[in-house]
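# Per-entry structural report
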Amino acid sequence: VCHMMMSIDGRIDCGMTVRLAGNHEYYETLAALNAPTRVSGRVTAQLEMASGKFRSTGKPLGHEAFSKKTDAEGYNVIPDTRGTLSWSDDSGSAKPLVILTCEQVSEDYLAFLDSRNISWIATGRDRIDLARASEILNEEFGVERMAVVGGGTINGGFLDAGLLDEVSILIGPGIDGRKGMSAAFDGLPMNHRPVALKLESVTPYDDGAVWLRYSL
């Protein structure tokens, strides 16, 4: 399920949405989705979670592999195609990290993740194979339900791969209006056709926010 908060013009910049009514309801509605594993894009993770940048000098892995460090009820899944983000030690985390990369990730980056007790999945020759990564998360990590929580590029990637069953949108009563700001789904090719959705529920809130749930 993709779960996002946006202004009524579809923009999702966190610095903007946090100023809108409905920001509190976003986290309430996310919890209500019962999706303990969360997927955040690389840019979002770099801004909010990572400890810096990693500079690789090693040779590429060149094949599919994964490393599971711990069992948990839910994980923080971060796609990082070539392995560019640095992390602190993840031992004892209540929601452990799982880093997704493609098979061109360097061996020294994976060794770095191992040294930080961070699980990882490398799949897809030149870009992350999100469908295969999802299979591994299900089969090896026990993940049954994930919330993809942005940004727009990773949301669009899961949509384009046919991996979304539901879209959950919390609309804050406000307008962004700034040209070029990211939307809830971004980065798809110009010839991509609109994806039809089926409205499942509408929940209004006293502060003017509205929660929309759609199935695909």
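See the structure printed just above.
An account of the accompanying structure is given in this report. In this text the structure is predicted, and so the values were computed from the model without any measurement.

## Describing the overall build of the protein chain
- Per the secondary structure count, the protein chain includes six helices and twelve strands.
- In terms of overall dimensions, the protein chain is globule-like: its C-alpha atoms have a radius of gyration of 18 Å, near the 17 Å expected for 216 residues.
- Taken along its principal axes, the extent of the C-alpha atoms in the protein chain is 50 × 40 × 30 Å.
- Burial statistics for the protein chain: of 216 residues in total, 46% are counted as buried.
- Accessible surface, the protein chain: about 11100 Å² in total, of which carbon and sulfur atoms supply 48%.
- Considering the protein chain, the positive charge centre built from 21 side chains and the negative charge centre built from 29 side chains are found 6 Å apart.

## Some words on the packing of aromatic side chains
- One pass over the full model with this rule turns up six aromatic pairs.
- Measuring from centroid to centroid gives 5.0 Å for Y26 and Y27, while their planes differ by 85 degrees, and the two rings are edge-to-face.
- A relative accessible area of 53% means that Y27 is categorised as exposed.
- A ring pair is formed by F54 and F112, whose centres lie 5.0 Å apart and whose planes are at 35 degrees; its orientation type is tilted. Within this pair, whereas F54 is found in the loop between β3 (52-53) and β4 (65-67), its partner F112 is found in helix α4 (residues 107-115), the two being separated by 58 residues in sequence. Assigned by exposure class, F54 and F112 land together as buried.
- A connected cluster of aromatic rings, assembled from ring pairs, spans F54, Y109 and F112.
- The cationic tip of K68 hangs over the ring face of F141; the distance from NZ or CZ to the ring centre is 5.7 Å.

## Considering the nonpolar core
- V98, L100, I121, L137, F141 and F158 are the most contacted members of the largest nonpolar core, which has 28 residues in total.
- Looking at this core, the elements with two or more residues in it are β1 (2-6), β7 (97-101), α5 (130-141), β9 (146-148), α6 (152-160) and β10 (166-171).
- Considering each element in turn, this core owes the most residues, five residues, to α5.
- What V98 contacts, discounting residues up to four positions off in sequence, is Y75, N76, V77, I78, S119, W120, I121, L137 and F141.
- The next biggest cluster of nonpolar side chains, apart from the first, holds 18 residues, and it includes L85, W87, I99 and F112.

## Focus on the environment of S119
- Inspection of the secondary structure assignment puts S119 in strand β8 (residues 119-122).
- Among residues more than four places away in sequence, those in contact with S119 are S67, K68, K69, T70, L97, V98, I99 and F141.
- One polar contact links the side chain of S119 to the main-chain amide nitrogen of K69, over a distance of 2.8 Å.

## What about the side chain of T17?
- Here T17 lies in helix α1 (residues 14-17).
- Given the relative accessible area of 6%, T17 is considered buried.
- Here the side chain of T17 touches C14 through a polar contact of 3.4 Å, landing on its backbone oxygen.
- With sequence-adjacent residues up to four places away left out, T17 is seen in contact with M5, M6, R11, I12 and N23.

## Some remarks on the pairing of β1
- Here β1 lies mainly inside the structure; five of its five residues are buried.
- Burial of β1 is two-sided: the residues C2, M4 and M6 facing one way and the residues H3 and M5 facing the other way are all buried.
- For β1 and β10, the ladder comprises five bridges, and the chain directions are parallel. Its bridge partner lying in β10, C2 is registered against V167.

## Quick notes on the pattern of salt bridges
- Enumeration over the complete set of coordinates arrives at eight salt bridges.
- In this structure, D114 and K69 form a salt bridge, with 2.6 Å as the shortest nitrogen-oxygen distance. With a gap of 45 residues between them, D114 in helix α4 and K69 in the loop between β4 and β5 (76-79) connect regions that are remote in the sequence.
- Exposure remark for D114: the relative accessible area of 35% places this residue in the partly exposed category.
- With relative accessibility at 25%, the residue K69 sits in the partly exposed group.
- In this structure, E135 engages R132 in a salt bridge whose closest nitrogen and oxygen atoms are separated by 3.0 Å. Of the two residues, E135 and R132 both sit in helix α5, three residues apart, roughly one turn of that helix.

Here is what the cut-offs are and how they apply
Residues numbered from 1 in each chain as written. Predicted model: local features only at pLDDT ≥ 70, side-chain atom pairs only at ≥ 80, totals over all residues. Heavy atoms only, no water. Helix = DSSP H or I, 4+ residues; strand = E, 2+ residues; numbered from the N terminus. Rg over C-alpha atoms; globule rule 2.2 N^0.38 Å. Buried < 20%, exposed > 50% of the residue type's maximum accessible area, 1.4 Å probe, protein only. Areas by Shrake-Rupley, 256 points an atom, 1.4 Å probe, with all protein chains shown as cover. Lys, Arg positive; Asp, Glu negative; His and termini not counted. Charge placed at Lys NZ, Arg CZ, Asp CG, Glu CD. Phe/Tyr/Trp six-rings, centres within 6.5 Å; stacked < 30°, edge-to-face > 60°. Lys NZ or Arg CZ within 6 Å of the ring centre and 35° of its normal. Core = buried A, V, L, I, M, F, W, Y, C linked by side-chain atoms within 4.5 Å. Contact = heavy atoms within 4.5 Å. Polar contact = N/O pair within 3.5 Å; in protein donor to acceptor, adjacent residues only side chain to side chain. Pairing = 2+ DSSP bridges. Salt bridge = Lys/Arg side-chain N within 4 Å of Asp/Glu carboxyl O.

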